[in-house]
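Observations on the three-dimensional arrangement
Take a look at the letters that make up each chain.
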Amino acid sequence: MSEAHMVTVGTSIVRNAAQRGALPPEILAKVRAWAQAPPLSSEDVEAGEAARRGGEEFKALLQLLASEPRVYSAELNAMWPYLERKSVAAAALLASDSGASHLCAALLEEYLKASGVECEVHRIPELGRSFEPGLYNLLDTVASLAATYRRRGLRVYLNATGGFKLETAVLYLAACLLGADRVYYIHEAMREVVELPAIPLSVDRRHAEALSKLGSEAERGEAERALGRGFLLELERRGLVELLGTRVKPRRWVALLLGLS
């Protein structure tokens, strides 16, 4: 069966290009600034603007990536065994909300498409800038993608090499909840691909039953009467539901997991 890989994207391409220095001086100076720029800084915004395919910086970085993909991209280094087997049919590149990560995702998209892989970039709002909103946006995106890929009959793999470690740890648990077939990454010490068991997990039965009663959306007062105010607050504290004005709804990743949407 063909695979769909969901790939968390960091900034390894830009950082490695900045360190190795195999670029024209004027481009190298920009890349070095992008590699250490904080999100939303003018340098980081410039990096995001360079994600447009026609620019000289993009072309130069893509040429570097194509010349030694495993050297410049930690994400491709981890994916390499699957790419060599030609088992990767689709890839979703999950960039943080920064220009440098978006640029790296755009470069990976171009490389993978040239290799015959169907590819799409998702810049996750607030990821890497605000922890809780960014994490929930990441979970929502991954849940939606996993459901779409499964409907297409694809095996779902998570490449957890790039990006932020804490968010990746939570994403691993989400992948297990969502029934991912495999989770893998490049081990930092052993420098080889490590496959983690995708242990089948599920939402606590009490919570699942309560969320099923709640449905896709409900008035807060109605939800309190149906579930009890204390239990509804527990669902909120655990991040399983969100408030939208006077209404309550399961978070999208939970709704997809439980078949509520």
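Just above, that's the structure.
Residues numbered from 1 in each chain as written. Predicted model: local features only at pLDDT ≥ 70, side-chain atom pairs only at ≥ 80, totals over all residues. Heavy atoms only, no water.

Here we come to the sheet that holds strand 2 (residues 88-95). If you walk across this open sheet you meet the six strands as 3-2-1-4-5-6, and the pairing is mixed. Only two strands of the sheet have a single partner each, and these edge strands are strand 3 (118-123) and strand 6 (193-196). With strand direction ignored, the average angle separating the axes of adjacent strands in the sheet is 20°. As paired strands, strand 1 (residues 3-9) and strand 2 are joined by seven bridges and run parallel to one another. (Pairing = 2+ DSSP bridges. Helix = DSSP H or I, 4+ residues; strand = E, 2+ residues; numbered from the N terminus. Axes fitted to C-alpha atoms, helices over the stretch in contact; angles between N-to-C directions.)

In this structure the tally under the stated criterion is zero disulfides. Looking at Cys119, it has no disulfide partner, and the nearest cysteine sulfur is the one in Cys104, 14 Å off. (Disulfide = S-S within 2.5 Å.)

Now for the sheet that holds strand 8 (residues 241-244). Taken in spatial order, the three strands line up as 7-9-8 in an open sheet, and their pairing is antiparallel. Looking at the sheet topology across the chains shown, the edges are occupied by strand 7 (218-219) and strand 8. Bridge analysis of strand 8 against strand 9 (residues 247-250) gives four bridges, and the strand direction is antiparallel. Following the sheet pairing, Glu242 is matched in strand 9 by Lys249. Across the sheet, helix 10 (residues 205-214) touches strand 7, strand 8 and strand 9, and the angle it forms with strand 9 is around 130°. (Contact = heavy atoms within 4.5 Å.)

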